[in-house]
Amino acid sequence: MPMIHFDGPTLSIDQKRSLIHGMSQAASMATGLPMPSITVVLDEHEFSNMGIGGDVLTESPYWDKVKEIKD
């Protein structure tokens, strides 16, 4: 049984539903396996628990760009 792991920010239930469905559908189409055989695991992390370029993400120069995408 294939397993897909996704590490990312905290998501709403609607975002989780959409992501799990989309990833399962893409994996099913690519492998020819039925969607019920695909398992998706979401590991959610607060932005302050992420880093980029050696900085905590919320304190990095990229934070303004991330906030635009997030909001």
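A few points on the structure.

Scoring rules and cut-offs
Within each chain, residue numbers correspond to sequence positions counted from 1 in written order. Local features in this predicted model are restricted to residues whose pLDDT is 70 or higher, and side-chain atom pairs enter the listing and the counts only when it is 80 or higher, whereas totals over whole chains, interfaces and linings include all residues. No hydrogens and no water enter the side-chain calculation; it runs on all heavy atoms of the structure. Where helices and strands are cited, they refer to DSSP runs of H or I of at least four residues and of E of at least two residues respectively, numbered from the N terminus. Only C-alpha atoms enter the radius of gyration; for comparison, a globular chain is expected to reach 2.2 Å times N to the power 0.38, where N is the number of residues. Buried, partly exposed and exposed residues are distinguished by accessible area as a fraction of the type maximum, computed with a 1.4 Å probe on protein chains only: under 20%, between the cut-offs, and over 50%, respectively. Where accessible areas are quoted, they stem from the Shrake-Rupley method and a 1.4 Å probe; at the residue level, only the protein chains shown are allowed to cover. Only Phe, Tyr and Trp rings are paired, with Trp represented by its six-membered ring, and only when their centres lie within 6.5 Å; those with planes under 30 degrees apart are stacked, over 60 edge-to-face, the remainder tilted. Only strands joined by at least two bridges in the DSSP assignment are considered to pair. Here a polar contact is taken to be a pair of N or O atoms separated by no more than 3.5 Å, where protein atoms must pair a possible hydrogen donor with a possible acceptor and residues adjacent in sequence count only if both atoms sit in side chains. Working rule for contacts: check all heavy atoms of both residues, and any pair within 4.5 Å makes them a contact.

## Observations regarding the overall build of the protein chain
Secondary structure summary: the protein chain contains 2 helices and 4 strands in total. Helices and strands in the protein chain line up, N terminus first, as β-α-β-β-β-α. Its C-alpha radius of gyration of 15 Å places the protein chain more than 25% over the 11 Å reference for a compact globule of 71 residues. Structurally, the protein chain occupies a C-alpha span of about 45 × 25 × 15 Å along its principal axes. The burial tally for the protein chain puts 20% of its 71 residues in the buried class. Looking at the protein chain as shown, the accessible area adds up to about 5,200 Å², and 56% of this sits on carbon and sulfur atoms.

## Digging into the packing of aromatic side chains
Inspection of every chain in the model, using the stated rule, returns 1 aromatic pair. Consider the rings of F47 and W63, whose centres lie 5.2 Å apart with planes at 65 degrees: the pair is edge-to-face. One end of the pair, F47, is in the loop between β2 (39-45) and β3 (51-52); the other, W63, is in helix α2 (residues 63-70), and 16 residues separate them in sequence. Residue classification places F47 among the buried residues on the basis of a relative accessible area of 18%.

## What to know about the pairing of strand β1 (residues 3-9)
Sheet topology note: the β1/β2 ladder contains 7 bridges and is parallel. Within β2, the position partnered with P9 by the bridge is H45.

## Things to note about the environment of T31
By secondary structure assignment, the location of T31 is in helix α1 (residues 13-31). Each C-alpha atom of the pair T31 and W63 lies 36 Å from the other, and the pair is 32 residues apart in sequence. A distance of 3.2 Å separates a polar atom in the side chain of T31 from the backbone nitrogen of L33.

## Side note on the side chain of S24
The residue S24 is located in helix α1 in this model. For S24, a relative accessible area of 6% corresponds to the buried category. Other than its neighbours up to four places away in sequence, S24 contacts M35, I38 and V40.

## Comments concerning the environment of P36
Its location among the elements puts P36 in the loop between α1 and β2. Considering only alpha carbons, one finds P36 and M1, 35 residues apart in sequence, at a separation of 9.3 Å.

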